[in-house]
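Spelled out from the first residue to the last, the chains are:
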Amino acid sequence: MKVELQNLTKIFPSRNKKANEEVVAVNNFNFTIPDGKLIGLLGPSGCGKSTTLYMISGLQKPTSGKIFFGDDDVTELSTENRGIGLVFQNYALYPHMTVKQNILFPLQNLKGKDKMTKEEMLERANYAAKLVQIDELMDRKPSELSGGQQQRVAIARALVKMPRVLLLDEPLSNLDARLRLQTREEIRRIQRETKITTVFVTHDQEEAMSISDLIVVMKLGVMQQIGEPQEVYDNPTNLFVAKFLGTPPINVFNGRVHDGKIYIGEDAVMDAPGVQDQEVYVGIRPEGFNLDENGPFHCKLSSVEVMGRDVSIVSTNEASINPIIRSIINAENKVDTNQEYVSYSLKPNKIFIFNKENEERIHFEVK
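Residues numbered from 1 in each chain as written. Predicted model: local features only at pLDDT ≥ 70, side-chain atom pairs only at ≥ 80, totals over all residues. Heavy atoms only, no water.

Undergrad: Please clarify how the overall build of the protein chain should be interpreted in this entry.
TA: Within the protein chain, the secondary structure is distributed over eight helices and 21 strands. Projecting the C-alpha coordinates of the protein chain onto the three principal axes gives extents of approximately 75 × 50 × 40 Å. Sorting the 367 residues of the protein chain into buried and exposed places 47% on the buried side. For the protein chain, the proportion of contacts with a sequence separation of at least 24, taken over those separated by at least 6, is 67%. Carbon and sulfur atoms provide 45% of the accessible area of the protein chain, an area that totals close to 18700 Å². Taking the average location of the 44 positive side-chain charges in the protein chain and that of its 49 negative ones, the two points are 8 Å from each other. (Helix = DSSP H or I, 4+ residues; strand = E, 2+ residues; numbered from the N terminus. Buried < 20%, exposed > 50% of the residue type's maximum accessible area, 1.4 Å probe, protein only. Contact = heavy atoms within 4.5 Å. Areas by Shrake-Rupley, 256 points an atom, 1.4 Å probe, with all protein chains shown as cover. Lys, Arg positive; Asp, Glu negative; His and termini not counted. Charge placed at Lys NZ, Arg CZ, Asp CG, Glu CD.)

As structure tokens, this is what we get:
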């Protein structure tokens, strides 16, 4: 099911009646979610991603704009009539019901032509349980399940109606690191098997990048960039996107362009043909450093952290906006920890420059 958002806006009234300052949670959002794809809505707290999800679900009404499921305008349609499955962060299971009863509950409330026989409901519930691999837990109650198992029950309950659109609101936030990894892989597997159009809301960029077909990066209610996860990571449209994506985060420096070269402090680190002289922000991904004793970029060495196949070099530079610079290099490279400074050459496709005033990306031809 294709989902189309047209000029979607949500404005909340001010809590302070004297100030009368409205809060724009989502501002003129335009996006088409392709049929059968998993889309990650990504951004920090307060960016409008959950509000967007709730408008798609019908739990919140847009201030303006339209929502289409296929060719159907569902903007004014109630939640129960939209054909959506919704999974919350806190599972929202009925504690007095068994797993089977929790999964069956949405089917028992169907009326009219959608009403099903007991046999049909049981068949559908068993299918949903097998899909999320909890079919052996059907007689247990939520209190007898682990967090990961409870989340699977919530997903099965959302899937049992065979929704047109599946909406997931930070479904992994309450799980530990290992369970999060396992459950996100399961979500991706289930989505591929069912081919249900899915919107996944998260503030965790690693989660979004690992399972999404497309990611939408948001800031203060405004969409910043849409694209395939790797494309957005490799080609951020502005400094916010560059800083938000990546673990460890991108290293950012005060720099300048002069005579077609990028300078960080006194070091001319790279050519930038065609870019006019100006002050810029320079972003370098942690994996963008090559250990090179003759390299043009010099940092003061702080420490070296061995991480198995990689080595993380921690250093400082007066031009750095971050307190430390983190460079990830292959563990086969040996770092002399007795030296005061470390020198690098830089990978051209891992360095970006941004306008100092509006923080937009400045593109230039990499040779």
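Undergrad: What is the right way to read the packing of helix α4 (residues 147-159) against helix α5 (residues 177-194) from this model?
TA: When two helices pack together, their arrangement is given by the angle between the helix axes and by the axis-to-axis distance. Where α4 meets α5, the axes come as close as 11 Å, and the angle between the chain directions of the two elements is 20 degrees. Considering their axes alone, α4 and α5 lie roughly parallel with respect to each other. Note that α4 runs across α5; the crossing there is right-handed. Contacts from Gly148, Gln151, Arg152, Ile155 and Leu159 in α4 reach Leu179, Gln182, Thr183, Glu186, Ile187 and Ile190 in α5. Across the contact of α4 with α5, the residue classes tally to five nonpolar, four polar and two charged. (Axes fitted to C-alpha atoms, helices over the stretch in contact; angles between N-to-C directions. Parallel < 35°, antiparallel > 145°, perpendicular 65-115°, else oblique. Left-handed = near helix turned anticlockwise from the far one by under 90°. Nonpolar A, V, L, I, M, F, W, Y, C, P; charged D, E, K, R; others polar.)

Undergrad: Looking at this structure, how should I read the sheet that holds strand β11 (residues 251-258)?
TA: Adjacent strands of a sheet form backbone hydrogen bonds with each other and so pair up, either parallel or antiparallel. Strand order in the open sheet formed by six strands is β13-β12-β11-β14-β20-β21, and the pairing between neighbours is antiparallel. The sheet is open, and its two edges are formed by β13 (267-271) and β21 (361-362), each paired on a single side. Of the pairings in the sheet, the one linking β11 to strand β12 (residues 261-264) comprises three bridges and is antiparallel in character. Bridging from a neighbouring strand, His258 pairs with Lys261 of β12. (Pairing = 2+ DSSP bridges.)

Undergrad: What should I look at first to understand the packing of aromatic side chains in this one?
TA: The relation between two aromatic rings is expressed through the spacing of the ring centres and the mutual angle of the planes. This model, assessed by the stated rule, comprises seven aromatic pairs. Arranged with centres 6.5 Å apart and planes meeting at 75 degrees, the rings of Phe29 and Phe31 form a pair that is edge-to-face. For Phe29, a relative accessible area of 1% gives the class buried. Note on Tyr94 and Phe105: the rings are 4.9 Å apart at their centroids and 55 degrees apart in plane angle, and the pair reads as tilted. On the criterion of sequence distance, the pair formed by Tyr94 in the loop between β6 (84-87) and α2 (99-108) and Phe105 in helix α2 is long-range, its members being eleven residues apart. (Phe/Tyr/Trp six-rings, centres within 6.5 Å; stacked < 30°, edge-to-face > 60°.)

Undergrad: Teacher, can you tell me more about the side chain of Thr75 here?
TA: In this fold, Thr75 is placed in the loop between β5 (72-73) and β6. Separated by 2.9 Å, the side chain of Thr75 and the backbone nitrogen of Ile67 make a polar contact. The contact partners of Thr75, leaving out residues within four places of it in the chain, are Pro62, Gly65, Lys66, Ile67 and Arg82. (Polar contact = N/O pair within 3.5 Å; in protein donor to acceptor, adjacent residues only side chain to side chain.)

Undergrad: Help me understand helix α3 (residues 118-131), please; the structure alone is not making it clear to me.
TA: An α-helical turn contains 3.6 residues, so a residue and the one three or four places further along point in the same direction. Across its 14 residues, α3 extends 20 Å between first and last C-alpha, which sits within 8% of the 20 Å expected from 1.5 Å per residue. Within α3, burial applies to Met121, Ala125, Ala128, Ala129 and Leu131. On an axial view of α3, the arc spanned by its buried residues comes to 160 degrees, and they lie on one face. For α3, exposure combined with an orientation more than 90 degrees from the buried face picks out Glu119, Glu123 and Lys130. Here the buried face of α3 lies against α2, α4 and α5. (Expected span 1.5 Å × (residues − 1). Arc of directions from axis to C-beta.)

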